[in-house]
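Observations on the model geometry
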Amino acid sequence: MRAFMFPPNLRQTLARTGSAIALTAGAILSTVSPTAAAEGDTLLFLAEDVPSGLDIDGPSIAIPTTQLGMVQLLEPLIAYEYFDEPNEDGVLMPDFTKPVGRLLESWDYDPETLVWTLHLRKGVLSCAGNEFTADDMMYTYARALNVGSAVPNAWFLLNMSGVKGFTQEVFSPDEDVAKEARILGDGIRKIDDYTIEVEQVEANPLLLVNMAVTISQGVLDSKVMEENATEDDPWAYDYANNVNLPSFGPYCLESWTKNDEIRFKANPNYYRGVAPIETAIIKKVPQGGNRISILRSGQAQLIQGMTPNQYDSLRKMPGIKVSGVTGNEGLFGVMNFATPPFDNIKLRQAIAYAMPYERIINVGYSGQAKQWESVIPETYPGYTPYEPGYSYDPEKAKELLAEAGYPNGEGLEEFAEQFKLTYVAEKETTLGPVVNQIRTALNEIGIPVTLDPIPQTQYGDRQIVKKDLAFGLNDQEKPIGVDAGYAMQLFFVSAEAGGLNNMMNYKNPELDEQWSVARVEGDMDKREEILSDMQTTLMEDVAWLPIVTFKTQWAHSDKLSGLSWNPSNSLLLYDLHY
Amino acid sequence: MIRRFVLKRLLTGALQMLGLTLAVFFLVRMLPADPVSRLVGLNASPEAYKQAQRSLGLDEPVMTQLLNYLGIGSDSGLLQGDLDVSWVTNAPVLAEIGASLPITLELLTYSFAVTLLFAVPVGVASAANPGKAVDKFVFFYGLFGGSQPEFWWGLLFVLIFFANLGIAPAPLGMISPLLQAPPRVTGFYTLDALIAGDFRAFFDILHHLMLPVLTMVFVLSGPVIKMVRQSMIRAQASDFVLYANAAGLRRKTVTRYAMRAAIAPTITLVGILYGVMLGGAVLVESVFSLGGIGQYAVRSVLAFDYPSIQGIVLVITAISLLIYLLLDILYAIIDPRVVYT
């Protein structure tokens, strides 16, 4: 029954223990040197997380780190040519007016029949060595129409593009109707091994735009998918979510441990040439400070997910370069039209004039941002900056506040609940300085703003489902389709007119009418004119309050170059080289 | 006798688990947000939202959801050993816990082993020399070590030993990303490396565990030393030690008797701390990118991933109950006065 026996001579024990620990540590240290730096053909990329799943229609598709993994494996149907000159940070920028075929060699459109003929590139091999053919396209489209996974992401973009057969009926509560609707009909037709026809129900220019969204419209290697299908899971959702995403992209999956790391090996069969960096490892390092330390030590070559202030510090460190793009990320205010007093246009405009844009840019973003002057990203075609624009003008804000019926803010005290500025608590390190600037500026003109950080999921629920955020601050929404019309339909058109996520309950019949014309307008100049008018209306109404558009940034070894930007904000490792 | 005791405790534990399952099931559904919205993101239509809701089974009445979760009237559920599928990754919760739990257990086991090796002799020495240097050291260490949270110490150690001195590896998890992890057999990295005979990986894993274990030991040692010290002082003042001294027994023998009496509360404390740190080591896991159960729990809570939250609570509770049962048995082995009833 003697369970424990400790040596009685304590001094000796202490000495022995200390010696043992010292010897063990010495032995370990003499055997193992600190992690050697990755060299030449290897890249160690530290991120906040690694992909939680890889399926296009999987439950983690909305998570940026999941998208970062997917874009390495998938090949887009079309992409955009880069401008000849990189931006001021040396990042290659896409020219959205010049789409270029990737898996598609070319395409034709017949406006009479609304049929797109897609000519597939020949000789493209997947990681498994299978040749890309029309069968892979047909499989991918059929799978999208099946909407059997958590998030019907691929279906969503095809539905938005007006592709025949991709209707709401796939969700019908009548099982027979839904089952019938989920069978790929004649809306997408295989002509031969390298030709597909896609028919639209009405003219809709979004199809071409949406085909460039890799994370939704990437094509799967049908042979591998079918090999991994089971009776219970005929579309191999489990396989794509948890094992691999077989495709035709520049990298192949080597290993993947969720919540830890994902490793890619360059696809030896890649049709554009093997990636310069053979092995790429994305490793989860949750602490931003540690990502910086490891980058500084030279053991990692690339990091992301830092705050603007941290990037600013990194910019001054030897051997490290910070590259960024003012691409499509922006900070905007949401004022709910269904919640008084935000239904008062003068009040909304007063807030727009009370916003301390410069202070926010300097304090919140270390100067790496600029005032956002429309409701769509400035890099997107059709972006129209608002004239005369809102600027920080507290006197004008006070005048407007008085015109709104609240001179010096009198009367607003009864709306204390509505003036809680709500933002995502997990983004406190980034948004904390910003919301404090906003609160101070609005308090100065008599608007009784308080701060209300809430968890991300709760924020999303209130914004997307309940739509009851009275006054919110948001820096995480961007239209993934590179088109002003896409943004209009997604954010501003009313639900009755086909709008999708009008989070601020904005309803403008004139705007809805404009969209109904622009949606099917085949003349691109006319369409752009309408979309430009719509932007002006939205800015006048302060449907959103765009505040700043800020840089998406990465810090990396100064030996690493070739960074390029795309609207998913996920770096394409294929473009990188030492 | 002991068999009946263990059986009774296991039955009680099963009832506790059932109660907890029901409580957690309903409590997570009272969280102030709908998990579907996080799933679908903003680029989604109302139809997509409904599809996601249906795929999670959240369109069913709550009682139906409960029966499905328990596996009553369906082929798979808790009663069949199925903890459901994570709503974030779509992977089985059991598999995800199986991947993350051994990391935390490995960290904690090494940390508590080193803590005991360090804290017991120091605590005994402190009790044997009240007011002397060792005792003063214990007093100040108790104040110092406990004055800051463990993640702060972790970050400080990373700064000193990795960034400045360069003798510790980068906080990149259990093993260098440039090495292949040993083939998974037990899920415990060090054991798996030994089983694979991969000593390079084995020493690299030990090297990577060095700072997280040091951090844990630094924080855990404070209360353990204090407990050992107090228990030893109490034991040394007890009648049987007085009698042993009066009988002229050697100091070595008397100390041994006193330690045996003093160790029981320490073991209890270590057991309780072990249970608490299963979830409480999350900050250390985060600092060193270890990907243990704590990090998995935080991710699940932030994502409102109901199946994962339920699974984690159940597994941690089961382990804690098991630890308490083992403690009771151990307690009785150490102290013959304890009777199983």
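Here's a quick rundown of the structure.

Conventions we followed
- Residues numbered from 1 in each chain as written.
- Chains lettered and ligands numbered in written order.
- Predicted model: local features only at pLDDT ≥ 70, side-chain atom pairs only at ≥ 80, totals over all residues.
- Helix = DSSP H or I, 4+ residues; strand = E, 2+ residues; numbered from the N terminus.
- Buried ≥ 20, exposed ≤ 12 C-beta atoms within 10 Å, placed from the backbone.
- Contact = placed C-beta atoms within 7 Å.
- Axes fitted to C-alpha atoms, helices over the stretch in contact; angles between N-to-C directions.
- Parallel < 35°, antiparallel > 145°, perpendicular 65-115°, else oblique.
- Left-handed = near helix turned anticlockwise from the far one by under 90°.
- Expected span 1.5 Å × (residues − 1).
- Nonpolar A, V, L, I, M, F, W, Y, C, P; charged D, E, K, R; others polar.
- Arc of directions from axis to C-beta.
- Pairing = 2+ DSSP bridges.

1. Here's the deal with the overall build of chain A
Helices and strands together make up the secondary structure of chain A, namely 19 helices and 19 strands. Dimensions along the principal axes, computed over C-alpha positions, put chain A at roughly 85 × 70 × 60 Å. For chain A, buried positions account for 51% of its 578 residues. Long-range contacts, defined as pairs at least 24 residues apart, comprise 70% of the intrachain contacts of chain A with a sequence gap of at least 6.

2. Focus on the overall build of chain B
Helix and strand content of chain B: 14 helices and zero strands. Ordered by position from N to C terminus, the α and β elements of chain B give α-α-α-α-α-α-α-α-α-α-α-α-α-α. In terms of principal-axis extent, the alpha carbons of chain B reach across some 85 × 55 × 40 Å. Per-residue burial over chain B gives 45% buried out of 341 residues.

3. Some points on the packing of helix α7 (residues 150-164) of chain B against helix α9 (residues 199-236) of chain B
Packed helices, taken two at a time, are described by the angle their axes make and the gap between the axes. All names here are of chain B. One way to put it is that α7 packs onto α9 with a least axis distance of 9 Å and a crossing angle of 135°. When the axis of α7 is compared with that of α9, the two are oblique. Helix-helix and strand crossings are classified by hand; for α7 and α9 the assignment is right-handed. Contacts from E150, W153, G154, F157, V158 and F161 of α7 reach α9 at L211, L214, T215, M216, F218 and V219.

4. Notes on helix α1 (residues 2-28) of chain B
Along its 27 residues, α1(B) runs 38 Å from first to last C-alpha, staying within 8% of the 39 Å computed at 1.5 Å per residue. Among the 27 residues of α1(B), zero are classified as buried, and the element is accordingly described as predominantly exposed.

5. Overview of the interface of chain B and chain A
The partner chain A presents 65 residues to the 70 residues of chain B that form the contact. A per-element tally of the side of chain B that touches chain A places helix α5 (residues 93-128) of chain B first, with eight residues. For the side of chain B that touches chain A, a count of residues per class yields 44 nonpolar, 18 polar and eight charged.

6. Points about helix α8 (residues 189-196) of chain B
Residue and element names in this part refer to chain B. Within α8, the full set of buried residues consists of Y189, D192 and A193. For α8, the buried positions fall inside an angular range of 100° around the axis, keeping them on one side. Of the surrounding secondary structure, the elements contacted by the buried residues of α8 are α5 and α9. Directly after α8, the chain includes G197, whose backbone phi takes a positive value near 70°.

7. Structural notes on the sheet that holds strand β10 (residues 279-284) of chain A
Residues and elements named next belong to chain A. Taken together, the seven strands give an open sheet; going across it, the order is β8-β9-β10-β1-β11-β19-β12, and neighbouring strands pair in mixed fashion. Each end of this open sheet is capped by a strand with a single partner; those strands are β8 (251-257) and β12 (320-325). Bridging between β12 and strand β19 (residues 552-557) involves six bridges; their strand directions are antiparallel. Across the sheet, residue I320 finds its bridge partner in β19, namely S557. Contacting β12 and β19, helix α11 (residues 308-315) runs over the sheet at an angle of about 135° to β12.

8. Side note on the pairing of strand β18 (residues 545-550) of chain A
Residues and elements named next belong to chain A. β18 sits mainly inside the fold: six of its six residues count as buried. Sheet topology note: the strand β14 (residues 369-371)/β18 ladder contains three bridges and is antiparallel. When the bridges of β18 are listed, Q371 appears paired with V548.

9. Focus on the environment of A:L314
Residues and elements named next belong to chain A. Structurally, L314 can be placed in helix α11. Taking the number of C-beta atoms within 10 Å as the measure of exposure, L314 has 21 and is therefore buried. In this structure, L314 is in contact with I292, I320, V322 and A555, ignoring residues within four places of it in sequence.

10. Observations regarding the sheet that holds strand β6 (residues 188-192) of chain A
Residue and element names in this part refer to chain A. Read across the sheet, four strands follow the order β4-β5-β7-β6 without closing on themselves; strand pairing throughout is antiparallel. Among the strands making up the open sheet, the edge pair consists of β4 (104-110) and β6. Sheet twist, expressed as the mean angle between neighbouring strand axes with direction ignored, is 20°. Relative to β6, helix α3 (residues 134-146) is tilted by about 170°, and along the sheet it contacts β5 (115-120), β6 and β7 (195-199).

11. Observations concerning the packing of helix α12 (residues 345-354) of chain A against helix α14 (residues 394-403) of chain A
Residue and element names in this part refer to chain A. Taken N-terminus to C-terminus, the directions of α12 and α14 make an angle of 165°; their axes are 8 Å apart at the nearest point. Considering their axes alone, α12 and α14 lie roughly antiparallel with respect to each other. Every pair of crossing elements has a handedness; the one defined by α12 and α14 is left-handed. On the side of α12, the interface is formed by K346, L347, Q349, A350, Y353 and A354, while α14 contributes P394, K396, A397, L400, L401 and E403. Here the residues of the contact of α12 with α14 are counted per class, giving eight nonpolar, one polar and three charged.

12. Concerning the environment of A:F45
Residues and elements named next belong to chain A. Looking at the element boundaries, F45 is found in strand β1 (residues 42-47). A count of 28 C-beta atoms within 10 Å places F45 in the buried class. Each C-alpha atom of the pair F45 and G472 lies 33 Å from the other, and the pair is 427 residues apart in sequence. In this structure, F45 is in contact with A280, I281, I282 and L302, ignoring residues within four places of it in sequence.

13. A closer look at unusual backbone geometry
Residues and elements named next belong to chain A. In the segment running from P340 into P341, the intervening peptide bond is cis, with an omega of 10°. Along the chain, P341 turns up in the loop between β13 (330-335) and α12. E387 connects to P388 through a cis peptide bond whose omega is 5°. Tracing the backbone shows P388 in the loop between β14 and α14. A positive phi angle, near 50°, is found at K467, a position not held by glycine. Looking at the element boundaries, K467 is found in the loop between α16 (456-466) and β17 (471-474).

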